[in-house]
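So you can see what is in the structure, the chains are spelled out below.
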Amino acid sequence: MEKTKEIRTRFAPSPTGELHIGALRTALSDFLYARKNNGKFILRIEDTDQSRLVEGAVGRFLEMLEWAGVVPDEGVLLKRRGTNDKGQGGKEKKIKDLGFEIQEKGDYGPYIQSKRLDIYKKYIQQLIDEGKAYYCFCTSERLDEMRKKQQAEKKAPKYDRKCLDLSKEEVEEKLKNGEKCVVRFKVPEGKTVFNDLVYGKIEVENSTVDDQIILKSDGFPTYHLAVVVDDYLMKISHVFRGAEWISSTPKHILLYEAFGWEDAMPEFAHMPNILGKDGKKKLSKREGSVSVKDFKDQGYPAEAVVNFIALLGWNPKTQQEIFTMEELVEQYDIKKVNRAGAVFDIKRLDWISAQHIKRMSVDELYGRVLPFLKKKKFYGEWYKQQATSDKEKEEYVKKVLMVEKDRLEKLTQAGENNKFFFSDKIETSADSLRWKDSSDDDTKKYLAIADDILKEIDENNWTQENIEEKLLDIAGEKRGDLLFPLRAALTGQDRSPSPFEVAWVIGKERSLQRIENAIKNI
Ligand code: GLU
């Protein structure tokens, strides 16, 4: 019979740097699965490897998850500034992490492994008492030598169980003398089999599994021990993680069995690697951005990044390529993720990003681009020079965005290719204004015609449609002759939105001014 337990997924990063795009993909799978099944998505911090910790990393992870909309329900959460969110009855504690305020919420805490050392010690002791784990006092020199010998004999590196022969008294004596030691798990004989939701059935002969260390000499458990104890105590139903952990899973299953927790064993799904351009090697920093923050800073909207990573190795088997988070909750299925690694194609991200930007309202887009615009010199200068009110400035930028919206791939591109919207210093010359092999006189003549036509349009009728209609009417067959110099006069560029759009945005007065200046430059 199908087990009917609550769906509880977890994302369990080690705070060793920035959130990697592959890690976001794992977290997204956790999030979507929990949402779809009315479950909980838990965030746990795995910091048992104290040598690799990076200060502030937890806060930065949480911030990026929040940005992506992949927000945990329980565990370690970002405390939103200015709110006093007590959660749903769970315990709550504040933690400081380099300027970030972090809280723990839920009934299965602490959710940070370094605060759970006593819990791990208790379970390790249980295994020792039951003869399922043992102390090992071997020095690193001895282990090195052993490994070298095994290598020379072309054997897989594996602990040779020397310390398993120690008598109880010998162990006690050594412990009393404070000899440096670790605790190892005694891998039983037999075979370990599990069914990975992505990779299918996996079988491993236990004889190939090393007697892994479960307690290190610094008193911290290893990842293997801590992950099993925590997933069990936190009642995790599904473990999704990167493919690099697939060879660790048999070790974990053996631990579940040693503790007698078979019935609580979670389901496992390992996410295939994200591959670089060559489709062979794992995506690496050398090829460009790998951290979520890089993508954010480059101006990709969060929903585009989420959409893109959901499609790495998964597709809905329909034509649909653009997904909202709600649609992903409905349709995403980790069981249908392809086992072959997925190639990271930045051009696809650009395209997906453009589609999401197109779908935004101008008000929404304005809110998103503003933080980027504010960092740009051309925008800062324009803003300072305007005598208009803040509201009017906002309206103006929104007009620019109305024109640019369908042409943007990233939020950072707003205004970037069309700085003529923000500055009246337009450079033109007879050459830049000339349409094909027209004469200078013709260029002047057509600019003068455009000037006349635009002058006749009343300020109140200054709409794109009107401008377009009037200009095209007079242009007749001579579209290029009229529109090319006009566009060059208005923008000073050989590529830009149409002169109708530009004239509409900058308004009547500035349009006429630019045309008249251009005529003078011929
Ligand atoms: N702490 C591990 C990591 O950062 C997580 C592995 C797991 O999810 O079990 O990759």
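Residues numbered from 1 in each chain as written. Predicted model: local features only at pLDDT ≥ 70, side-chain atom pairs only at ≥ 80, totals over all residues. Heavy atoms only, no water.

Asker: I'd like a rundown of the site of the ligand, residues and numbers included.
Answerer: Around the ligand, the structure places Arg 10, Ala 12, Pro 13, Ser 14, Glu 46, Tyr 223, Val 227, Arg 241 and Trp 245. Within the backbone of Ala 12, one N or O atom sits 2.8 Å away from a nitrogen atom of the ligand. In the environment of the ligand, a nitrogen atom lies 2.7 Å from a nitrogen or oxygen atom belonging to the side chain of Glu 46. In isolation the ligand offers 300 Å² of accessible surface; the protein chains occlude 83% of this area. Taken atom by atom, the bulk of the ligand overlaps the largest pocket. (Near = heavy atom within 4 Å. Polar contact = N/O pair within 3.5 Å; in protein donor to acceptor, adjacent residues only side chain to side chain. Areas by Shrake-Rupley, 256 points an atom, 1.4 Å probe, with all protein chains shown as cover. 1 Å grid on protein atoms, 1.4 Å probe; cavity = no way out; pocket = protein on both sides within 12 Å on 5 of 7 lines; lining within 4 Å. Sits in = over half its atoms within 2 Å of the grid points.)

Asker: Can you tell me about the pairing of strand β8 (residues 191–196), naming the residues and giving the values?
Answerer: The alternating pattern of β8 places Thr 192, Phe 194 and Asp 196 on a buried face, while none of Lys 191, Val 193 and Asn 195, on the opposite face, is buried. Where β8 hands over to strand β9 (residues 200–205), the hairpin turn is made up of three residues, counted between the paired strands. (Buried < 20%, exposed > 50% of the residue type's maximum accessible area, 1.4 Å probe, protein only. Helix = DSSP H or I, 4+ residues; strand = E, 2+ residues; numbered from the N terminus. Pairing = 2+ DSSP bridges.)

Asker: Just give me the short version of the layout of surface pockets, but keep the residues and values in it.
Answerer: As a volume, the largest pocket reaches approximately 1100 Å³. Lining of the largest pocket is provided by 41 residues; of these, Ser 14, His 20, Ala 23, Glu 244 and Trp 245 occupy positions nearest its centre. Elements represented by at least two residues in the lining of the largest pocket include exactly β1 (8–11), α1 (21–36) and β11 (238–242). For the lining of the largest pocket, the residue count by class is 16 nonpolar, 12 polar and 13 charged. (Points joined across faces, edges and corners; volume = space filled by probe spheres on them. Nonpolar A, V, L, I, M, F, W, Y, C, P; charged D, E, K, R; others polar.)

Asker: Please give an account of the sheet that holds strand β10 (residues 213–215) that cites residues and values.
Answerer: In space, the three strands of this open sheet follow the order β6-β7-β10, with antiparallel pairing throughout. Where the open sheet ends on each side, the last strands, each with one partner, are β6 (133–136) and β10. Here the strands of the sheet are splayed against their neighbours by 45° on average, with no regard to which way each runs. With four bridges joining them, β6 and strand β7 (residues 182–185) adopt antiparallel strand pairing. The residue bridging Cys 136 from the neighbouring strand is Val 182, located in β7. Helix α3 (residues 117–129) contacts β6, β7 and β10 of the sheet and is inclined by roughly 100° relative to β6. (Axes fitted to C-alpha atoms, helices over the stretch in contact; angles between N-to-C directions. Contact = heavy atoms within 4.5 Å.)

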